[in-house]
Amino acid sequence: MDRHFVKALLFAWDRAEFRTGLQHVIDLDEVTSLLAALSVEDHDHEVELRAMDLLRSGLDTAEIRRATLLLVEDDDIRHNLAAGIAGSIADRPGLALSIRSALDDPEVRADLRDALESAPLRAVIWKVVENQFRGRRWALIREAVILVVRHRHARRLAWALRRHGVIRELREKPADG
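If you're wondering where the values come from, they're calculated on a predicted model, not measured in any experiment.

Caption draft 1: Broad picture of the overall build of the protein chain. If you tally the helices and strands in the protein chain, you get 12 helices and zero strands. Taking as baseline every contact in the protein chain between residues at least 6 positions apart, the subset at least 24 positions apart corresponds to 66%. Split by element, the accessible area of the protein chain, about 10,600 Å² in all, is 55% carbon and sulfur.

Now the structure itself:
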């Protein structure tokens, strides 16, 4: 959770229509305080764990998942999220550009939407995220392979990301200093 990325999320959170649509589903005060804690440069690991738990429960709730996916459809929010991602990977400008290109592609957004609507696929995605978060590299690789092999939506999304150069850029080493 990079500070720039959290600032982009705060921009999305400031949209009244987004908060209004979610107020009956989640505790808005909890989300606001969590985003504020994440935006501090030296936040602790527990804040990130809380954010991951909240994100997981949010994505498992159909209303929140759909509202979040609608944010990616909004040009202003999508561009701010892309800028937040770019800021968090400043040493990888090629990766930032490829991610922005993918986010701007309506087909990629449709593939993302389809992938996140699949409960079994979301479960495997969370295993991948947990392994990444805990530094379990081999378990991460194993789950990522399962993700692509077993889930059609994951394959389609991976192919779309490849088309935009995201996969190629992920293989590149970060630029020095």
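Caption draft 2: Helix H6 (residues 75–88), seen in detail. With 14 residues, H6 should reach 20 Å at 1.5 Å per residue; the first-to-last C-alpha distance of 20 Å fits that figure. Turning to H6, its buried residues number three or more, namely Ile77, Arg78, Leu81, Ala82, Gly84 and Ile85. Looking straight down H6, one finds that the buried residues subtend no more than 160° of arc, so they occupy a single side.

Caption draft 3: Spotlight on the pattern of salt bridges. As enumerated under the stated definition, the model contains nine salt bridges in all. As a salt-bridge pair, Arg109 and Glu73 come within 3.2 Å of each other at their nearest N and O atoms. One end of the pair, Arg109, is in helix H8 (residues 106–116); the other, Glu73, is in helix H5 (residues 62–73), with 36 residues separating them in the sequence. Here Arg109 falls in the buried class, since its relative accessible area comes to 9%. Owing to a relative accessible area of 31%, Glu73 belongs among the partly exposed residues under this scheme. Across the pair Arg100 and Asp104 runs a salt bridge, and its minimum N-O distance is 3.7 Å. Of this pair, Arg100 and Asp104 both sit in helix H7 (residues 93–104), four residues apart, which is roughly one turn of the helix. Using a relative accessible area of 32% as the deciding quantity, one classes Arg100 as partly exposed. Given the relative accessible area of 32%, Asp104 is considered partly exposed.

Caption draft 4: Looking closely at the packing of helix H4 (residues 45–59) against helix H9 (residues 119–133). For the pair H4 and H9, the least separation of the axes is 11 Å and the interaxial angle reads 175°. The orientation of H4 with respect to H9, classified from their angle, is roughly antiparallel. Contacts between H4 and H9 involve His45, Glu48, Leu49, Met52, Leu55, Arg56 and Leu59 from the former and Arg122, Trp126, Val129, Glu130 and Phe133 from the latter. Residues that form the contact of H4 with H9 fall into these classes: seven nonpolar, one polar and four charged.

Caption draft 5: Seen up close, the packing of H5 against H8. Taken N-terminus to C-terminus, the directions of H5 and H8 make an angle of 170°; their axes are 11 Å apart at the nearest point. Between H5 and H8, the crossing angle belongs to the class labelled roughly antiparallel. On the side of H5, the interface is formed by Arg65, Leu69, Val72 and Glu73, while H8 contributes Arg109, Leu112, Arg113 and Leu116. Its residues placed into classes, the contact of H5 with H8 shows four nonpolar, no polar and four charged.

Caption draft 6: Spatial organisation of the environment of Asp75. Residue placement: Asp75 occurs in helix H6. Looking at Asp75, its side chain comes within polar contact range of the side chain of Arg78, at 2.5 Å.

Caption draft 7: Structural context of the side chain of Asp111. Looking at where Asp111 falls in the secondary structure, it is placed in helix H8. Overall, the relative accessible area of 7% leaves Asp111 in the buried class. Ignoring sequence-local partners within four residues, the contact set of Asp111 consists of Arg156, Leu157 and Ala160.

Rules of the game
- Residues numbered from 1 in each chain as written.
- Predicted model: local features only at pLDDT ≥ 70, side-chain atom pairs only at ≥ 80, totals over all residues.
- Heavy atoms only, no water.
- Helix = DSSP H or I, 4+ residues; strand = E, 2+ residues; numbered from the N terminus.
- Contact = heavy atoms within 4.5 Å.
- Areas by Shrake-Rupley, 256 points an atom, 1.4 Å probe, with all protein chains shown as cover.
- Expected span 1.5 Å × (residues − 1).
- Buried < 20%, exposed > 50% of the residue type's maximum accessible area, 1.4 Å probe, protein only.
- Arc of directions from axis to C-beta.
- Salt bridge = Lys/Arg side-chain N within 4 Å of Asp/Glu carboxyl O.
- Axes fitted to C-alpha atoms, helices over the stretch in contact; angles between N-to-C directions.
- Parallel < 35°, antiparallel > 145°, perpendicular 65-115°, else oblique.
- Nonpolar A, V, L, I, M, F, W, Y, C, P; charged D, E, K, R; others polar.
- Polar contact = N/O pair within 3.5 Å; in protein donor to acceptor, adjacent residues only side chain to side chain.

Read these as layout, nothing more, since geometry by itself doesn't imply function.
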